[in-house]
Amino acid sequence: MTLLIRNLSQIATPLGRGGVRGRAMRALAVYDNAVIVVRDGRFAFVGRESEIDPDLRSSIDVDFDARGATAVPGFIDSHTHLPFAGYRETEFNRRLQGETYEQIAASGGGIASSVHATRRASEQELVDNILVRARTMARYGTTTAEAKSGYGLSVEGEMKQLRAIRDANEQSPVRLIATCLAAHDFPPEGRSSATARRGYVSTVIGEILPAVAEEKLAIFCDVFVERGVFTNEEGDAVLRAGAALGLIPRMHADELSDTAGAALAASLGCASADHLMQISDAGIAALAASNTVANLLPATSFFLMSDRYAPARQLIDAGAIVSLSTDCNPGTSMTESMPMVMQLATLQMKMTVEESLTAATLNGAASLQIAHETGSIELGKRGDLVLLDAPNYLHLVYHFGVNLVTRTMRDGQWVL
Ligand code: NIG
Ligand code: FE
């Protein structure tokens, strides 16, 4: 099947087959009054209609009028906690009245409340939940999303979440990529003593990761390295064990406190170091000198009502590869919207619109190690794109708080 998308006001995309850093993050390719041809699910032409190769032109069987829309690459949301049951709106309301996330967690809420609800849910309920969220994501322009376990915290609980991601992926409009985050927290039954905690780390390394790898349920392995959660040493041990089983490491690092997590992530060759609200100058330098993507999640700072955002400007100026994601989860970031994240990245973290678009597409793909396949509108890549009801890409941030996405295409098929 060959599809011509005509009558676009603009096409705006980063270019490349890998992550881009520093000044290059601003270098979008912008085409005015151009067309896109998608053949057999992949981009076959981008440019002036008059320049389409005659053979390709004669193969066009569908002609689509975009009516002045702007095309950008499908968004890549490279950090989400999608498979969860239950909501935490009551905790959210308590936070609005002055309690902190840490206080709520200490009183039995927080991750533990999602663990209880997710353990109670059937695998089918989790599949249904994931699909509802994936459809919302597609409505907001996401075409690929990473999805983490981490609300099971037992062999069966983690496997159930990861199987739900696998099964949902069969019907999901958004391509899902699974991460095992068994080391998200200590389970309620395994946190009372240092011995119990060590026991859970042994379970993760000795049982959960091998079972996940055996069933090929995840591509990535993640750990929440944080004061009061997993230590750097535990994070190191879990990620090395995962890597030995073929699971690529990524890490929640320096979110609520600086534990030198970013430097650890870089030294382990993690695909990404995520959050980074408290990253130190040494951490910034370590990421800048590595291929570990700095994955920033400003919706989490926003939703936690924190004025502490990750130092996006310093990271970019130092030369790190920076990406943006929603962190979609019921506690700290209840949103599926990548445009919202881009708005926060620009207005709160002072990224440029161009940097934000690169971070929300190509660099997210780089962190998921699929930048050779998607993340930009380029010849040969998968036909993953979004049409915006806007004259140009600046409106994605400028025209905030509304959804400009009118169509989402994945692998050359309209999924919205
Ligand atoms: O990414 N940082 C740890 N985990 C989540 C929060 C999970 C939750 O509160 O349920 C996060 O912010
Ligand atoms: Fe997270």
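Predicted, not measured: the structure shown is a model, and the values here were computed from it. (Residues numbered from 1 in each chain as written. Chains lettered and ligands numbered in written order. Predicted model: local features only at pLDDT ≥ 70, side-chain atom pairs only at ≥ 80, totals over all residues. Heavy atoms only, no water.)

Caption draft 1: Main features of the overall build of the chain. Looking only at helices and strands, one finds 16 helices and 16 strands in the chain. Overall size of the chain, expressed as C-alpha extent along the three principal axes, is 70 × 45 × 45 Å. Of all 416 residues assigned to the chain, the portion counted as buried reaches 61%. Excluding contacts between residues fewer than 6 apart, the proportion of contacts in the chain whose partners are at least 24 apart in sequence is 73%. For the chain, the exposed area adds up to about 15400 Å²; of that, 51% sits on carbon and sulfur atoms. Side chains of the chain carry 37 positive and 48 negative charges; the gap between the two charge centres is 1 Å. (Helix = DSSP H or I, 4+ residues; strand = E, 2+ residues; numbered from the N terminus. Buried < 20%, exposed > 50% of the residue type's maximum accessible area, 1.4 Å probe, protein only. Contact = heavy atoms within 4.5 Å. Areas by Shrake-Rupley, 256 points an atom, 1.4 Å probe, with all protein chains shown as cover. Lys, Arg positive; Asp, Glu negative; His and termini not counted. Charge placed at Lys NZ, Arg CZ, Asp CG, Glu CD.)

Caption draft 2: Representation of the pairing of strand β14 (residues 385–388) in the model. The alternating pattern of β14 places L385 and L387 and V386 and L388 on opposite faces, both of which are buried. Summarising the sheet, strand β5 (residues 62–73) and β14 pair through 4 bridges and their orientation is antiparallel. Across the sheet, the residue bridging to V72 is V386, located in β14. Relative to strand β15 (residues 405–410), β14 runs antiparallel, the two sharing 4 bridges. (Pairing = 2+ DSSP bridges.)

Caption draft 3: Summary view of the domain arrangement of the chain. In terms of domains, the chain is made up of domain 1 (2–73 + 376–414) and domain 2 (75–367). Computed over C-alpha atoms only, the centres of domain 1 and domain 2 are separated by 29 Å. Counting the surface domain 1 buries against domain 2, the share from its top three residues, R21, M25 and R410, is 27%. Joining domain 1 to domain 2, the criterion identifies 3 salt bridges. Between domain 1 and domain 2 we count 16 residue pairs in polar contact (both at pLDDT 80 or more) in total. Looking at the side of domain 1 that touches domain 2, the elements with two or more residues in it are β5, β14, α16 (395–398) and β15. At 4 residues, β15 tops the list of elements feeding residues into the side of domain 1 that touches domain 2. (Domains from an automatic or database assignment. Buried area = accessible area lost by both parts, 1.4 Å probe. Salt bridge = Lys/Arg side-chain N within 4 Å of Asp/Glu carboxyl O. Polar contact = N/O pair within 3.5 Å; in protein donor to acceptor, adjacent residues only side chain to side chain.)

Caption draft 4: Quick look at the coordination of the iron ion (ligand 2). Around the iron ion (ligand 2), the protein contributes the donor atoms H79 (NE2), H81 (NE2), H252 (NE2) and D327 (OD), which lie 2.1 to 2.4 Å from the metal centre. Here the donor residues of the iron ion (ligand 2) are spaced in sequence according to H-x1-H-x170-H-x74-D. Each member of the pair H79 and H81 is classed as buried. (Donors = N, O, S within 2.8 Å, 3.2 Å for Na, K, Ca; no water.)

Caption draft 5: Here's a closer look at the packing of aromatic side chains. Evaluated as defined, the whole model comprises 5 aromatic pairs. With a centroid separation of 4.9 Å and 10° between ring planes, the pair formed by F92 and F303 is classed as stacked. With F92 in helix α2 (residues 89–96) and F303 in helix α11 (residues 298–303), this pair connects stretches of sequence that are 211 residues apart. A ring pair is formed by F186 and Y200, whose centres lie 6.4 Å apart and whose planes are at 70°; its orientation type is edge-to-face. Within this pair, whereas F186 is found in the loop between β8 (175–183) and α7 (194–214), its partner Y200 is found in helix α7, the two being separated by 14 residues in sequence. (Phe/Tyr/Trp six-rings, centres within 6.5 Å; stacked < 30°, edge-to-face > 60°.)

Caption draft 6: Fine view of helix α5 (residues 123–139). Here α5 spans 25 Å end to end across 17 residues, near enough to the 24 Å set by a 1.5 Å rise per residue. Turning to α5, its buried residues number three or more, namely L126, V127, I130, L131, R133, A134, T136, M137 and A138. If you follow the buried residues of α5, they end up packed against β6 (75–77), α4 (111–120), β7 (142–148), α6 (155–169), β8 and β15. G141, located one to two residues past α5, shows a positive phi value of around 95°. (Expected span 1.5 Å × (residues − 1).)

Caption draft 7: Quick peek at unusual backbone geometry. Its identity as a non-glycine residue notwithstanding, H275 has a phi of 90°, on the positive side. Within the element layout of this structure, H275 appears in strand β11 (residues 272–275). Residue H275 is classed as buried on the basis of its relative accessible area of 2%. You will see that D411, though not glycine, has its phi angle at about 50°, which is positive.

Caption draft 8: Expanded view of the site of ligand 1. In the neighbourhood of ligand 1, 15 residues make up the surrounding shell, with Y101, Y151, H184, E255 and T332 lying closest. Residue H184 places a side-chain N or O atom 2.8 Å away from a nitrogen atom belonging to ligand 1. The separation between an oxygen atom of ligand 1 and a polar side-chain atom of H252 is 3.3 Å. Notes on ligand 1: free accessible area 330 Å², of which the protein chains cover 99%. Partitioning the shell around ligand 1 into residue classes produces 4 nonpolar, 8 polar and 3 charged. (Near = heavy atom within 4 Å. Nonpolar A, V, L, I, M, F, W, Y, C, P; charged D, E, K, R; others polar.)

Caption draft 9: Representation of the pattern of salt bridges. Throughout the structure, instances matching the rule amount to 25 salt bridges. For R94, the salt bridge identified is with E99, shortest N-O distance 2.9 Å. We classify R94 as partly exposed; its relative accessible area is 30%. By sharing partners, the salt bridges in this structure join R42, R175, E373, R382, D384, R410 and D411 into a single network.

Caption draft 10: Here's a closer look at the packing of α7 against helix α8 (residues 232–244). Where α7 contacts α8, the two axes come as close as 10 Å, and the packing angle between them is 10°. On the basis of the axis angle, α7 is roughly parallel to α8. Two secondary-structure elements touch here, α7 through V201, V204, I205 and L209 and α8 through E234, A237, V238, A241 and G242. (Axes fitted to C-alpha atoms, helices over the stretch in contact; angles between N-to-C directions. Parallel < 35°, antiparallel > 145°, perpendicular 65-115°, else oblique.)

Caption draft 11: Representation of the nonpolar core in the model. Of all hydrophobic cores here, the largest spans 112 residues; its most connected members are L276, L287, L296, L315 and M351. The element contributing the most residues to this core is α5, with 7 residues. Beyond its immediate chain neighbours, meaning those up to four positions away, L287 contacts R21, A262, A266, A273, L276, I279, T292, A294, L315 and A320. Grouped together as the second largest cluster of nonpolar side chains are 17 residues, I11, F64, A66 and L387 included. (Core = buried A, V, L, I, M, F, W, Y, C linked by side-chain atoms within 4.5 Å.)

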